[in-house]
Amino acid sequence: MPSSQPKIKLENLIKIYGQNPQRALKLFQEGGNRDNILEATGNVLGVANVSLSIEEGELFVVMGLSGSGKSTLVRCINRLIEPTSGQILIDGEDVTRVDQERLREIRRTKVSMVFQRFGLLPHKTVLENVEYGLKMCGLPLAERHEKAQHMLDVVGLHQWANYAPSSLSGGMQQRVGLARALATEAPILLMDEAFSALDPLIRREMQDELMRLQSELKRTIVFISHDIQEALRIGDRVAIMKDGHLVQVGTPEEIVTNPVDGYIAAFTQDVNRAQVLKTGSIVRQTVPFILGKGSARAALDQMQGNALTRMHVVDRHGKPIGILNQAELQNAVTSNVQDVESVMSTDFPVVKASTSLEEIFHLARFGVPMAVINRSGKFKGVVEQSDILASIGRLSNDKADVPQALSTAV
Amino acid sequence: MIPDIFNWLFFNQSSQIIPLGDWISAAVAWVVVNFRWVFQLIRIPISHTLNAIEAFLQWLPPILFIAVVVLFAWQFATRKIAILSLFAMVAIGMIGAWTETMTTLSLVIVAVLLCIVVGLPLGIASARNNRAEAIIRPMLDAMQTLPAFVYLVPVVMLFGTGKVPGVIVTFIFAVPPLIRLTNIGIRQVSEETVEAALAFGSTPKQMLWEVQLPLAMPTILAGVNQAIMLALSMVVIASLIAVEGLGQMVNRGIGRLDVGLAAVGGLGIVLMAIVLDRITQNVGKSSQNSLNWRDRGPWGALRKLTSQRRPSVSTP
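Residues numbered from 1 in each chain as written. Chains lettered and ligands numbered in written order. Predicted model: local features only at pLDDT ≥ 70, side-chain atom pairs only at ≥ 80, totals over all residues. Heavy atoms only, no water.

**Focus: the packing of aromatic side chains**
Stage number 1. Tallying each qualifying case throughout the model produces 10 aromatic pairs over all chains.
Stage number 2. Consider the rings of Phe65(B) and Trp98(B), whose centres lie 5.7 Å apart with planes at 85°: the pair is edge-to-face. With Phe65(B) in helix 3 (residues 62-76) and Trp98(B) in helix 5 (residues 98-128), the pair connects residues that are 33 residues apart, well separated along the chain.
Stage number 3. A cation over a ring is seen here: Lys15(A) above Tyr17(A), with NZ or CZ 5.1 Å from the ring centre.
Stage number 4. Here the basic side chain of Lys242(A) rests over the ring of Tyr263(A), its NZ or CZ set 4.5 Å away from the ring centre. (Phe/Tyr/Trp six-rings, centres within 6.5 Å; stacked < 30°, edge-to-face > 60°. Helix = DSSP H or I, 4+ residues; strand = E, 2+ residues; numbered from the N terminus. Lys NZ or Arg CZ within 6 Å of the ring centre and 35° of its normal.)

**Structural notes on a nonpolar patch on the surface**
Residue and element names in this part refer to chain B.
Stage number 1. Residues Met1, Ile2, Ile5, Phe6, Trp8, Leu9, Phe10, Phe11, Ile18, Leu20, Trp23 and Ile24 make up a contiguous nonpolar surface patch of about 1400 Å² in total accessible area.
Stage number 2. Secondary-structure elements contributing two or more residues to the nonpolar patch are helix 1 (2-11) and helix 2 (20-59).
Stage number 3. Looking at which element gives the most residues to the nonpolar patch, the answer is helix 1, with seven residues.
Stage number 4. Among the structural elements, Leu9 can be located in helix 1.
Stage number 5. Given a relative accessible area of 52%, Leu9 falls into the exposed group. (Patch = residues over 30% accessible without salt bridge, like charges linked within 9 Å, V, L, I, M, F, W, Y side chains within 5 Å. Areas by Shrake-Rupley, 256 points an atom, 1.4 Å probe, with all protein chains shown as cover. Salt bridge = Lys/Arg side-chain N within 4 Å of Asp/Glu carboxyl O. Buried < 20%, exposed > 50% of the residue type's maximum accessible area, 1.4 Å probe, protein only.)

**Topic: the confidence of the model for chain B**
All names here are of chain B.
Stage number 1. Per-residue confidence for chain B gives a mean pLDDT of 89; residues scoring 70 or more make up 94%.
Stage number 2. Within chain B, helix 5 carries the highest mean pLDDT (95), whereas helix 14 (residues 297-314) carries the lowest (67).
Stage number 3. Note that residues 311-316 has pLDDT below 50 and, in this model, zero contacts with residues that lie over four places away or in other chains. (pLDDT = per-residue confidence, 0-100. Contact = heavy atoms within 4.5 Å.)

**Looking at the interface of chain A and chain B**
Reports often express the size of an interface as the amount of accessible area lost when the parts come together.
Stage number 1. On the chain B side, the residues contacting the 26 residues of chain A number 17 residues.
Stage number 2. Interface area, chain A with chain B, both sides summed: about 1800 Å², of which 60% is carbon and sulfur.
Stage number 3. Counting every contact that joins chain A to chain B gives three salt bridges.
Stage number 4. Between Lys124(A) and Glu210(B) there is a salt bridge whose closest N-O contact spans 2.6 Å.
Stage number 5. Our count for the contact surface shared by chain A and chain B stands at 10 residue pairs in polar contact (both at pLDDT 80 or more).
Stage number 6. At the level of secondary structure, the elements contributing two or more residues to the side of chain A that touches chain B comprise helix 4 (100-109), strand 6 (111-114), helix 6 (132-136) and helix 8 (170-183) of chain A.
Stage number 7. Per-element tally for the side of chain A that touches chain B: the top contributor is helix 6 of chain A, with four residues. (Buried area = accessible area lost by both parts, 1.4 Å probe. Polar contact = N/O pair within 3.5 Å; in protein donor to acceptor, adjacent residues only side chain to side chain.)

**Observations concerning helix 3 (residues 70-77) of chain A**
Residues and elements named next belong to chain A.
Stage number 1. Burial of helix 3 is extensive: seven of the eight residues sit out of reach of the surface.
Stage number 2. Where helix 3 is concerned, the buried positions are Lys70, Thr72, Leu73, Val74, Arg75, Cys76 and Ile77.
Stage number 3. Arg79 sits one or two residues past helix 3 and shows a positive phi near 55°.

**Overview of the pattern of salt bridges**
Stage number 1. Inspection of the entire model under this criterion finds 29 salt bridges over all chains.
Stage number 2. Here Arg187(B) and Glu133(B) are joined by a salt bridge, their closest N and O atoms 3.4 Å apart. Of the two residues, Arg187(B) is situated in helix 8 (residues 163-187) and Glu133(B) in helix 6 (residues 130-145); the sequence distance between them amounts to 54 residues.
Stage number 3. Ionic contacts of the salt-bridge type, sharing partners, join the residues Arg175(A), Glu205(A), Glu209(A), Arg212(A) and Glu216(A) into one network.

**Describing the UniProt feature "transmembrane region" (unreviewed entry) in chain B**
Residues and elements named next belong to chain B.
Stage number 1. Per the UniProt record, "transmembrane region" (unreviewed entry) is annotated on residues 59-74, 81-99, 105-127, 148-175, 227-247 and 259-276.
Stage number 2. Annotation note: span residues 81-99, helix share 84%, strand share 0%, distance between end C-alpha atoms 23 Å.
Stage number 3. Along residues 105-127 one finds 100% helix and 0% strand; the C-alpha atoms at either end are 31 Å apart. (UniProt positions renumbered as here; feature names shortened; annotations may be inferred.)

**Structural notes on the UniProt feature "domain: ABC transmembrane type-1" (unreviewed entry) in chain B**
Stage number 1. Listed under "domain: ABC transmembrane type-1" (unreviewed entry) in the UniProt record, and renumbered for this structure, are residues 101-280 of chain B.
Stage number 2. The distance separating the terminal C-alpha atoms of residues 101-280 of chain B is 18 Å; by composition the span is 87% helix and 0% strand.

**Side note on the sheet that holds strand 13 (residues 320-325) of chain A**
Residue and element names in this part refer to chain A.
Stage number 1. Overall, mixed pairing links the three strands, which are arranged 11-12-13 in an open sheet. Strands at the two margins of the open sheet, each flanked by one partner only, are strand 11 (289-290) and strand 13.
Stage number 2. Helix 14 (residues 296-305) rests against strand 11, strand 12 (310-314) and strand 13 of the sheet, and its axis sits at about 130° to strand 12. (Pairing = 2+ DSSP bridges. Axes fitted to C-alpha atoms, helices over the stretch in contact; angles between N-to-C directions.)

**Brief notes about the packing of helix 6 of chain B against helix 8 of chain B**
Residues and elements named next belong to chain B.
Stage number 1. It is at 9 Å that the axes of helix 6 and helix 8 come closest, and there the two elements cross at 145°. Here helix 6 runs over helix 8; the crossing is left-handed. Contacts from Asn130, Glu133, Ile136, Arg137, Leu140, Asp141, Met143 and Gln144 in helix 6 reach Ile172, Phe173, Val175, Pro176, Pro177, Ile179, Arg180, Asn183 and Arg187 in helix 8.
Stage number 2. By residue class, the composition of the contact of helix 6 with helix 8 is nine nonpolar, three polar and five charged. (Left-handed = near helix turned anticlockwise from the far one by under 90°. Nonpolar A, V, L, I, M, F, W, Y, C, P; charged D, E, K, R; others polar.)

**Re the environment of Ile81(B)**
All names here are of chain B.
Stage number 1. Mapped onto the elements, Ile81 comes out in helix 4 (residues 79-94).
Stage number 2. Classification of Ile81 by relative accessible area gives buried; the value is 9%.
Stage number 3. Contacts of Ile81, omitting those with residues within four sequence positions, involve Ala73, Arg278, Ile279 and Asn282.

**Notes on the side chain of Ser202(B)**
Stage number 1. Along the chain, Ser202(B) falls in the loop between helix 9 (191-199) and helix 10 (204-233).
Stage number 2. Accessibility expressed as a relative area gives 4% for Ser202(B), which makes it buried.
Stage number 3. A polar contact of 2.8 Å, which involves the side chain of Ser202(B), links it to the side chain of Tyr132(A).
Stage number 4. If we skip the residues at most four places from it in the chain, Ser202(B) touches Arg104(A), Tyr132(A), Met136(A), Ala197(B) and Met207(B).

**Topic: the domain arrangement of chain A**
Residues and elements named next belong to chain A.
Stage number 1. Taken as a whole, chain A is organised into domain 1 (55-83 + 91-275) and domain 2 (280-391).
Stage number 2. A separation of 42 Å is found between the C-alpha centroids of domain 1 and domain 2.
Stage number 3. Listed per partner, the contact involves four residues of domain 1 and five residues of domain 2.
Stage number 4. Approximately 340 Å² of surface area, both sides summed, lies buried where domain 1 meets domain 2, with 47% of it carried by carbon and sulfur atoms.
Stage number 5. On the domain 1 side of the contact with domain 2, Glu253, Ala274 and Gln275 bury the most area, a combined 88% of that side's loss.
Stage number 6. Remark: the boundary between domain 1 and domain 2 carries zero salt bridges.
Stage number 7. Remark: the boundary between domain 1 and domain 2 carries zero residue pairs in polar contact (both at pLDDT 80 or more).
Stage number 8. Taken together, the residues that form the side of domain 1 that touches domain 2 break down as one nonpolar, two polar and one charged. (Domains from an automatic or database assignment.)

**Focus: helix 2 of chain B**
Residue and element names in this part refer to chain B.
Stage number 1. For helix 2, which comprises 40 residues, the first-to-last C-alpha distance of 49 Å sits more than 12% below the rise-based estimate of 58 Å (1.5 Å per residue).
Stage number 2. Where helix 2 bends most, the angle comes to about 75°, and this point is Phe35.
Stage number 3. Taken residue by residue, helix 2 has Val32, Phe39, Ile46, Leu50, Glu54 and Leu57 as its buried positions.
Stage number 4. Where the residues of helix 2 are buried, they touch helix 3, helix 5, helix 7 (148-159) and helix 8. (Expected span 1.5 Å × (residues − 1). Bend = angle between axes of the 7 residues up to and from the residue.)

Listed below in structure tokens is the structure:
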């Protein structure tokens, strides 16, 4: 059972800032909204009744504009901000009820954090910054030096260990912040607008770096962002907040293809769909020919039966190994060649289902259908140039400005 | 009582309606009778420290003292300040105020040490607790604005005359800026830095020593500098309760209408103030300098010299 429980679970989380939160809370429970609570009590509703489950190993992005309560939400998880009401369960333990001693224990071993403006200690060296969390745990000097040095290697800053943080660039400083958060080996990583203060190029580089680290370390990451592109790019799932409320939670594709309201649709309007949509979502499922299950004759029959002009061939494990062309197969059958392997072409593109459409554009120009494989390398279906264009066209055909933009580009 | 208030409000016939003066006199007299022993106990450690420091400074040959101060200034401040200190101290000796200067310096040192011992914890307390700040702040205002002569008398009644009450009145006048600047320094530490330290599970103690005090240190050192300056400005007033030193020179000069003697004492105070101010101000600044202290000043020069010689030794 514990394996199936979410890593972090928020239940009816409410945070109200101000002098008299209990009165405002009562008002909120009676159906008040942000504006009339502010008017009646002078208190500000920060987070309004948010319930969420975040699974282990997930990169979960909370996205919203400034003032939407996203930073408050993430600070409630490690109680840098005390929630007014509700529960926060980490591995089933209610963090809102623990005493200070246990809270420090949780902050040291379970939840670490990366800050927007890095939050580095300017009077300590880079190495001392990275080992700060370990020092709080009471680790002996030699051991924490070693761990911190290793973490600096991981983020590629080992030669900067003895410099002051202020002598590093913004991107490098945030790598130090990241190394510090990773050094404690806490399974949960909170990242509050971690890349927002960086230049666009560096930001993208850091996103790649984070995704690379995440694929190795498999932490549970709660990432706060005000940038929808960033959210859709790195998030396994994305939650969008507005005025303290949770508006939609879903995978990037769900958010783009199926926005719950106009607010989210407006957000995703300028998003590059080709970047968000994965090949797996537009794959056309076809039946491949399994090598060894019959002769060229049988292959031709299967092809004609399914009204195909081209068909992929897979081996016994389902791995795509070739592609058959109807004309060539017809010739082979008439000249009495039985061996399918000698007829098929092995020159065809293979793409993973998790690849974004943008990345397969360049493959489409060959005119050969792409074989789409799943995570274990098994054939899943095909994608052709027309499928890619159709999927993007279908998504944006209700917006008149898109074809115009295209025509001016041409 | 009611007619008194009426007469005052409507006819400006002033009379003491609340006999505050009498009350305070009575209270001080009562404390003197019943608790003088407490103040006499407080006297002991201050008196011992003061005597030891003064004896040491008077015993020290001036050349040695000057050398130590100049090297210290060069190492932790700048060479320019070292040269300035050299000239100032030689001038003090030349005008015949050396012994008095050492006496005054020992009083200032003890008073400032007392300021740090008492002021730093109070500053930390008022930074961490708004209620503590609300209580401490008006007391600091009173300490800074109340004329020293007002508390001179009760201090003498409680502690007697001499050096220790001198330290006490100096302390009362000099400690407020240290408390204020410690408070401000800690409160100015950026919120995100504090948040980061909290997020990694710092205890309040760890927060103080690892984050708040180191980051507030330049401001706290500015407070120490201010305390030293104010302590020096109190030495003449302290001389009224028989404290020896430069202040006494001024006081005696005024008493005998000896302008020269008063001027010598006054100049001694000024020169000492300049030396102490420049050195303490720059110690605070140089700690933010990127260069390690070992690579600067006389120590750095020494290291450079030895490291230059080393290759010539190692090559056969």
